[in-house]
Amino acid sequence: MKWLCSVGVAVGLALQPALADDLIGNHPMTPQARDAFVSDLLKKMTTDEKIGQLRLISVGPDNPKEAIRDMIKEGQVGAIFNTVTRPDIRAMQDQAMSLSRLKIPLFFAFDVLHGQRTIFPISLGLASTFNLDTVRTVGRVSAYEAADDGLNMTWAPMVDVSRDPRWGRVSEGFGEDTYLTSVMGRAMVEAMQGKSPAERYSVMTSVKHYAAYGAVEGGKEYNTVDMSPQRLFNDYLPPYKAGLDAGSGGVMVALNSINGTPATSNSWLLKDVLRKEWGFKGITISDHGAIKELINHGVASDPRDAVRVALNAGVDMSMSDEYYSKYLPELVKSGEVSMETLDDATRHVLNVKYDMGLFNDPYNHLGPKESDPKNTNDESRLHREEARAVARESLVLLKNRLETLPLKKSGTIAVVGPLADSQRDIMGSWSAAGVKEQSVTVLQGMKNVAGDKASILYAKGASITDDKGMIDFLNLYEKAVPEEKRTPQQMIDEAVATAKQADVVVAVVGESQGMAHEASSRTSIGIPESQRRLIAAMKDTGKPLVLVLMNGRPLSLVRENQQADAMLETWFAGTEGGNAIADVLFGDYNPSGKLPMSFPRSVGQIPVYYNHLNTGRPYNADRPNKYTSRYFDEANGALFPFGFGLSYTTFSVSDVSLSAPTMTHDGKLTASVTVNNTGKREGAMAVQMYLQDVTATMSRPVKELKAFKKVTLKPGESQTVSFPIDVNALKFWNAQMKYDAEPGKFRVYIGQDSARVKQAEFELK
C-alpha cells in the first residue's frame, strides 16, 4: 500500500532560509539531549519570546494569514492551526526561520480525527469494528496524509467516554465503554505517532478533552460535570491515561467544569494528576477560547485574571485568543505569575518541538518546494482501498427479518431518503481536509456495485427536516442542508410512485452530519418527523423495507424497528462510504460491526449503558416486580445493547471454561469458549469478555468489558477463543481511593454482545 512506502525525501538546508546554527542541527532524539538543549535555549530567550511560544493561533477571519506572518516575525507565535496546504505552511515557517530573532520553528496542527483527505468512518464507526488493527490502519493513513500536508500535530484522538447520546460530540468518540475507548485511543496514538513523531510520515497526537467532557449534564454542550472521584478515576480518566502511556505528546484541556472547577483552571487535574501522578512531560493546550471563558465560569474577574488563573493552573498553550500576549508580561513583572511557571510552560512547548524533530529540520513534513503537489486535492493523494475496507467493517446489522438482506443484484430497487445522495453528510463531522465531491454516496455506491444487473431508481422523498429553524441552524457555517422548493407531500408522492415500481425499498434516513457535531446537542434523539412520514409511506406500499441509518449518535428507533424488515447502522462512513454500504447490502461483504453505545428506546431512558451499578431492588425482566428499579410505561433495557450486531450467518458460543477455579494476586487464569459458525456463509464475530466483581467494599458494575477478539469462521467451522485474566483486570479505585483488587468471587461473561453471554465463576484469593 502506497502509504507504507518510505519516500525518504532529504531536505537540503541550502534550499531553505538561513537557519540559526546554534538551534538547527543534528540533535540526538533522547530525553537527556532534549532537556539539555531546551534548558540552554530558555536562557537565551526574553520574557516576550517565551510568551510567544505559548500562543497557538488559528487561521481564520479574525487572524488572516498576512497578519499572522507579522506576528511570527515578531516572535509572537508558537504554533498554527487551521491551515493545511504546504505552500501556506512553508511561507509561515519561512517567516519564523528567516525573520524572527531566535528562529525557533513553528509547529502546525489540525483536527484529524478520522482521516485527513481520505475520510474514514467517524470514531463511533471505528469503535464498531472491535478491531484494533483496523483502527491502526486509519491512524497510519491519517498520519501519512496529514504529514504529507505539512502538519506536525493533530487534535486527536477524542477519548471522552459518553453515555448520553443527546450530546452531539458522541460522534467524535469511541462510545460508552471505558475499556473499549482506552484501547481504541491507545491504538490510534501508537499508529499516528509511529516510532517517533519526528518521522516523515508521523504526527504527534493530542488526546482530548481532558477531562470527563463526555459526562456533561443533560448531554448539553459545554455544560457542567459533577461526579465522585471514584467514578472519575474508574470510568472517565483511564482513556486519557492510556493515550498518554502510549506516548501522546499533547493534551487538549476540556471546556467543562468538574465538581465546580473549570478544567482550564484546575491545577489538581493539570498538575497533581497529569504531571505528578502520571508523569506527563508534553504540552497542555486550552480548547478554543477557553481562557476567556473562565470569566463566564465565574473563576476569573477579568481577562488579566483569567490568564493568571490558567497559566498557574497548568495550561501551557493558549488556543486562539490574544490574552497571553496582552497580559502575561505584566503578570510576570508583578510576580503574580512566576518566571519559573512561565519557563515550565515554555519548556513543555519546546520539548514537543524537539520531539517533532523540528530542531533537526523545521521543514521535515514539507519536503523541498519542488515536491509540492500541483493539485492539493488530487485524486492520487487518496487511499480509497483502505477507506472502503474500514467502512465495510464499521457497519452494524441491527435487524434482518426473513433474510431480507443481502439484496439480489437483479430486478428493481428503489432508493429513497434525503441522505441517499448526500456527498457532504456521508463524510460526517470534523472531516478535516476531505472534499465532498470526492465522496461516494449510497445511491452511487449501489449503482457501482450492482452495475447493469439491477435497475436502481431514486427519489429523495423528504428533507432532512421540515423545521426551518433547524435548517437555519444547520446552515449557519456552511450551506450543508439544501432547502427544498417542493412541498413535503410532493416529495413523498414521488417516492411512493418510485417504490411501487420496485421489488424492494432502501430508505437512507437519519441525521445530517451537522446534527451530530460540536454544539449540536438534541433533546430528541429520534429520526426527524419529515423522514418518519417517508418511512411510513414506504411501509404502506407493502414492499420489503430496508432502512440504512446515517447518524452520529444512538437513535431511538422503536417505531422504525417495527416498520423495517432490515436495518443497517452505517454511522457516517466516509469517502468510500457509499461503496462500502453497497458491498454489505448486496452481500459482497458480510457485516460484523458491533455497537459501541447502547441504543435507548426513548430519550426518557437516558443515560442507558450496560455497565451500570446494581441497586438494592434490581429489575428482573423474567419476574417483573413493581417495587424495583424500572420504568412502568415502557419496556426496560436498551433497544439494542452495547456490543450488539448481527451477521448474514449465525454463531453459537459454548459454555465458559476456566483454567482454574481460583486465582492469586500474582497469578492468572484463562477463560475459554468455543465459537461455531452455525450458518451458511463465512463470517466474522467479535467475541466479548466481561467481568463482574460480585461482592466488594463498594458497589461494582453488573459487568465490564475487559477483552474482545474478532474471529472469522467458515460455515460449520469452530474455534476456541481464550482470554487471559490477571489481577490488573480486577482492580478498581475503592472508597478510600486506593487502586487494588479485592479478594472474593468474580463472574466471567463471554458472548456475542453485553446481553447474550455465557458465564462462569472464580475466586480471587
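Note that the coordinates shown come from a computational prediction; the quantities given were computed from them, not determined experimentally.

About the criteria used
- Here the residue index of a chain counts from 1 through its sequence in written order.
- In keeping with the model being predicted, local features are shown solely for residues with a pLDDT of at least 70 and side-chain atom pairs are shown and tallied solely at 80 or more, while totals for entire chains, interfaces and linings include all residues.
- Water and hydrogen atoms play no part in the side-chain values, which are based on all heavy atoms of the structure.
- For the purposes of this description, domain bounds are those given by an automatic or database domain assignment.
- Values labelled buried area give the accessible surface lost by two parts on being combined, using a 1.4 Å probe and summing over both.
- Throughout this description, a polar contact denotes any pair of N or O atoms lying within 3.5 Å of each other; where both atoms belong to protein, one of them has to be capable of donating a hydrogen while the other can accept it, and for residues adjacent in sequence the pair is counted only when both atoms sit in side chains.
- UniProt positions are given in the numbering used here, feature names are shortened, and annotations may be inferred rather than shown by experiment.
- Numbered from the N terminus, helices here are DSSP runs of H or I no shorter than four residues, and strands are runs of E no shorter than two.
- One side-chain nitrogen of Lys or Arg within 4 Å of one carboxyl oxygen of Asp or Glu is enough to make a salt bridge.
- Three labels apply to residues, based on accessible area from a 1.4 Å probe with only protein chains included: buried if under 20% of the type maximum, exposed if over 50%, partly exposed otherwise in between.
- Handedness of a crossover is defined as follows: with both strands directed away from the viewer, a clockwise route from the first strand across the helix to the second makes it right-handed.
- Whether two strands pair depends on DSSP finding at least two bridges between them.
- Between N-to-C directions, angles span 0 to 180 degrees; the directions come from axes that are lines fitted to C-alpha atoms, helices contributing only their stretch in contact.
- We call two residues in contact whenever any of their non-hydrogen atoms come within 4.5 Å of each other.

1. Overview of the domain arrangement of the protein chain
Argument step 1. When its domains are assigned, the protein chain resolves into domain 1 (396-592) and domain 2 (651-764).
Argument step 2. Taken over C-alpha atoms, the centre of domain 1 sits 37 Å from the centre of domain 2.
Argument step 3. The junction of domain 1 with domain 2 conceals about 370 Å² of combined surface from both sides, 33% of it contributed by carbon and sulfur atoms.
Argument step 4. The largest share of the area that domain 1 buries against domain 2 comes from Gly587, Asn590 and Ser592, three residues that together contribute 88% of it.
Argument step 5. Counting across the interface, domain 1 meets domain 2 through 3 residue pairs in polar contact (both at pLDDT 80 or more).

2. So, the UniProt feature "domain: Fibronectin type III-like" (unreviewed entry) in the protein chain
Argument step 1. In the UniProt entry, the feature "domain: Fibronectin type III-like" (unreviewed entry) is given for residues 685-754.
Argument step 2. With 0% helix and 57% strand, the stretch residues 685-754 has end C-alpha atoms that lie 14 Å from each other.

3. Points about the pattern of salt bridges
Argument step 1. This structure, assessed with the given rule, holds 52 salt bridges.
Argument step 2. One salt bridge in this structure joins Asp35 and Arg34, with 3.3 Å as the shortest N-O distance.
Argument step 3. The class for Asp35 is partly exposed, based on a relative accessible area of 34%.
Argument step 4. With a closest N to O distance of 3.5 Å, Lys292 and Glu322 form a salt bridge. Here Lys292, found in helix H11 (residues 290-297), pairs with Glu322, found in the loop between strand E10 (318-319) and helix H13 (323-334); they are 30 residues apart in sequence, far enough to count as distant.
Argument step 5. Classification of Glu322 by relative accessible area gives partly exposed; the value is 27%.

4. So, the pairing of strand E3 (residues 107-110)
Argument step 1. Along E3, one buried face is formed by Phe107 and Ala109 and the opposite face, lined by Phe108 and Phe110, is buried too.
Argument step 2. At this point the chain moves from strand E2 (residues 79-81), through helix H4 (residues 86-98), to the parallel E3, and the crossover so formed is right-handed.
Argument step 3. Pairing analysis gives 2 bridges linking E3 to strand E4 (residues 153-154), with the strands arranged parallel. Directly across from Phe110, in E4, lies its bridge partner Thr154.

5. Thoughts on the sheet that holds strand E16 (residues 566-569)
Argument step 1. The 6 strands are arranged E11-E16-E15-E14-E12-E13 in an open sheet whose pairing can be described as mixed. Of all strands in the sheet, those bounded by a partner on one side alone are strand E11 (396-400) and strand E13 (455-459). Strand-to-strand twist across the sheet, computed as the mean angle between neighbouring axes with direction ignored, equals 20 degrees.
Argument step 2. Two strands pair when backbone bridges link them, and E11 and E16 are joined in this way by 4 bridges, in the antiparallel orientation. Across the sheet, Val396 pairs through a bridge with Glu569, a residue of E16.
Argument step 3. Contacts from helix H18 (residues 488-500) reach strand E12 (412-416), E13 and strand E14 (504-510) within the one sheet, and its direction differs from that of E13 by about 165 degrees.

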